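# An overview of the molecular structure
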Amino acid sequence: MAELVGPLRKQLADSLSSCRVLVVGAGGIGCELLKNLVLTGFKNIEVIDLDTIDVSNLNRQFLFQKKHVGKSKAQVAKESVLRFCPSANITAYHDSIMNPDYNVEFFRNFQLVMNALDNRAARNHVNRMCLAADIPLIESGTAGYLGQVTVIKKGQTECYECQPKPTQKTFPGCTIRNTPSEPIHCIVWAKYLFNQLFGEEDADQEVSPDTADPEAAWNPADAAARATASDQDGDIKRVSTKEWARSTGYDPIKLFNKLFKDDIMYLLTMDKLWKKRKAPLPLEWEEINQLAGSQEQVIGSGLKDQQVLGVQGYAQLFQHSVETLRSQLKEKGDGAELVWDKDDPPAMDFVTAASNLRMNVFSMNMKSRFDVKSMAGNIIPAIATTNAVIAGLIVLEALKILNSDFEQCRTIFLNKQPNPRKKLLVPCALDPPNASCYVCASKPEVTVKLNVHKTMVQALQDKILKEKFGMVAPDVQIEDGKGTILISSEEGETEANNNKFLSDFGIRNGSRLQADDFLQDYTLLVNVIHSEELEKDVEFEVVGDAPDKAPAPSAPEEGKNIANGNKDSAQPSTSSKAAVEDDDVLLVDSDEEPSSSTMDTESSNRKRKHHDAETDDASSKRKRLDQQPADDDDEDIIALD
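Each residue is numbered by its place in its chain's sequence as written, counting from 1. Local features in this predicted model are restricted to residues whose pLDDT is 70 or higher, and side-chain atom pairs enter the listing and the counts only when it is 80 or higher, whereas totals over whole chains, interfaces and linings include all residues. Excluded from the side-chain calculation are hydrogens and water; included are all heavy atoms of the structure.

Filter applied, for reference: UniProt positions are given in the numbering used here, feature names are shortened, and annotations may be inferred rather than shown by experiment.
Under an unreviewed UniProt entry, the name given to the chain is SUMO-activating enzyme subunit 2, and the source organism is Danio rerio. The UniProt entry for the chain carries the following text under Sequence similarities (unreviewed entry): "Belongs to the ubiquitin-activating E1 family." The chain has a UniProt comment under Function (unreviewed entry) that states "The heterodimer acts as an E1 ligase for SUMO1, SUMO2, SUMO3, and probably SUMO4. It mediates ATP-dependent activation of SUMO proteins followed by formation of a thioester bond between a SUMO protein and a conserved active site cysteine residue on UBA2/SAE2."

Laid out in structure tokens, this is it:
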């Protein structure tokens, strides 16, 4: 058994003081990591983070204080660290790591890169940049009491994208608009409503009843005749939601009656929807207002954000938030738009009120503002001690790399509960690269099934190449013998192609596209399979040997997904990993140590039932912990178990 004891050997200590390391992220893990690095002896550190400090960060990101709220995380972290280690040479960047300025040559300036990120898009990008620069990357993540650290080295280990990550899933539009059955459906609807009223309108985020719902199978003409909705202002009119709201002067009472009375009564005319479901119950402002003199019911005690109000309370919150947002919109001027932000009180009040009123309409238990924010903002419950443990493990792996002991590096899982060998920290041998990975394979290649007559060039660029395959600025050439340029990263060069279908360029079944991202030094060959039999609301499928083909879910954490919402309120994860590893994390023992893949298989035989966790970026945690508070934020909604 080997132990890490005593001071570092002189050769390693000298290496620490001279090497340059890049820390990507200065949040929960990043703060702990920066502290560990300088106290271990690292002297030349560069840290980058686009985020600013929010008051909600202060309970765990100890380098920040209340006076720092609103300031750059990277800059304040640097200043705080220099106060207790003034000899360190720290450079801070308040910027996105995906900025083209941070190219392959930038990454080659470092001997080691350490990720302390909270979203998948940035993780994918750093993974590719480190592969292109051939620089070791230490990846990490936490979710509640769970944590993970792993090492990525080009040609020697799996890259971050070698194993599939459960894709974030948007719910069917008809579920959101017509038949919500879980609180998360109502929260998604409320976020859509915010954008339709105050933000950028998106046809895919419509909130009015969906008359095209295939399950309804009703006659719109008959239903319209039978509808008993109010004929006053606020009645259902088939115009855009924002246009209608403007016509009322964003009157909160008219908005309320339209959304929670008239639209619901319209839904009730879709008879078939309610044959096997409990029908929704419309709300009317005047009836609720009559309760103004009665005692408002509040469920729960303690912090205000953790209390659940009654219908009257949420109706009043809806009115107040609409009035506030209306004023903000007016101050910005004609044509202005607001952007939803979980940390903006009026925006969060609006989503909390609207989602809870809809929950009440559809006979669900209402949620506290805290719970709604956790689901709407894709927030992972953050535990300071988990971040501290993971940051310490990152440094231990870094020491192995700098000491030329790469073969001793491990993937390390932090469990919530001890495994059968009574270990909370479980190391696993690093797995070799996945030969069919569409990122680190020698010749990355994927096969995509789509309808060439319905898929536009814009969708190929945004939804397939950028969103699905993580490219930043793709250039696409058709392998047709002519070298036809379909998409160019140069602004305006191929903009005229965006609204044309792939078939307009001769792309058909069997066509091949070469997609290049020069920033990432990455080339992907895309084989096109034409299909007219894709499922409803599915624009494309990745087929063949691409890593999108996820194995059956089995995981060190019992294979439970980290989801961002279910029928109960948000709770920290209660998953645990059942692993067979005998060694403690600080002991690097023999080649008989199982790989993380082996551990996955063996652990699946010991599964025990645990409660679902409600955190960000649904992940079975078998190989990598994916969190996306994000940022993201792509605003996709995470699938529920």
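The discussion continues.
## Observations concerning the environment of Lys 367
What counts is decided by this rule: Counting from the N terminus, the helices are the DSSP runs of H or I reaching at least four residues and the strands are the DSSP runs of E reaching at least two. The cut-offs for exposure are 20% and 50% of the maximum accessible area for each residue type, with area from a 1.4 Å probe on protein chains only; residues under the lower value are buried, those over the upper are exposed, and the others partly exposed.
For Lys 367, the position within the fold is in the loop between helix H13 (345–361) and helix H14 (369–376). The exposure class of Lys 367 is buried, given its relative accessible area of 6%. When the C-alpha atoms of Lys 367 and Ser 355 are compared, they prove to be 8.7 Å apart, with twelve residues separating the residues in sequence.

## Some details on the packing of aromatic side chains
When we look at a pair of aromatic rings, we describe it by the centre distance and by the angle of the planes. Our working rule: In this analysis, rings of Phe, Tyr and Trp, with Trp reduced to its six-membered ring, are considered paired at centre separations within 6.5 Å, and the interplanar angle assigns stacked below 30 degrees, edge-to-face beyond 60, and tilted for intermediate values.
Summed over all chains, the structure comprises 17 aromatic pairs. Aromatic side chains Tyr 102 and Phe 106 sit 5.0 Å apart centroid to centroid with 65° between the ring planes, which places their arrangement in the edge-to-face category. Judged by its relative accessible area of 7%, Tyr 102 falls in the buried class. Judged by centre distance (5.6 Å) and plane angle (90°), the rings of Phe 198 and Phe 350 are edge-to-face.

## Some details on the sheet that holds strand E11 (residues 445–450)
Rules: One bridge is not enough; two strands pair if DSSP finds at least two bridges between them. Only the stretch in contact is used when a helix axis is fitted, and all axes are lines through C-alpha atoms; the angle between N-to-C directions ranges over 0 to 180 degrees. A contact between two residues is defined here by any heavy atoms of the two lying within 4.5 Å.
Here six strands make up an open sheet; going across it, the order is E13-E12-E14-E15-E11-E16 and the pairing mixed. Looking at strand neighbours, the two that pair on one side only are strand E13 (484–487) and strand E16 (540–543), the edges of this open sheet. Averaged over all pairs of adjacent strands, the angle between their axes in this sheet comes to 30°, without regard to strand direction. Two elements, E11 and strand E15 (residues 522–530), share six bridges in a ladder whose sense is parallel. The partner of Leu 450 across the bridge, within E15, is His 530. Of the strands in this sheet, E11, strand E12 (475–478), E13, strand E14 (512–517), E15 and E16 are in contact with helix H16 (residues 457–468), which crosses E13 at around 70°.

## Concerning helix H7 (residues 183–198)
Here is the rule: One less than the number of residues in a helix, times 1.5 Å, gives the span that helix is expected to have.
Under the 1.5 Å per step criterion, the end-to-end length of H7 is 22 Å for 16 residues, consistent within 8% with the ideal 22 Å. By the criterion of burial, H7 is predominantly enclosed, with 16 of the 16 residues buried.

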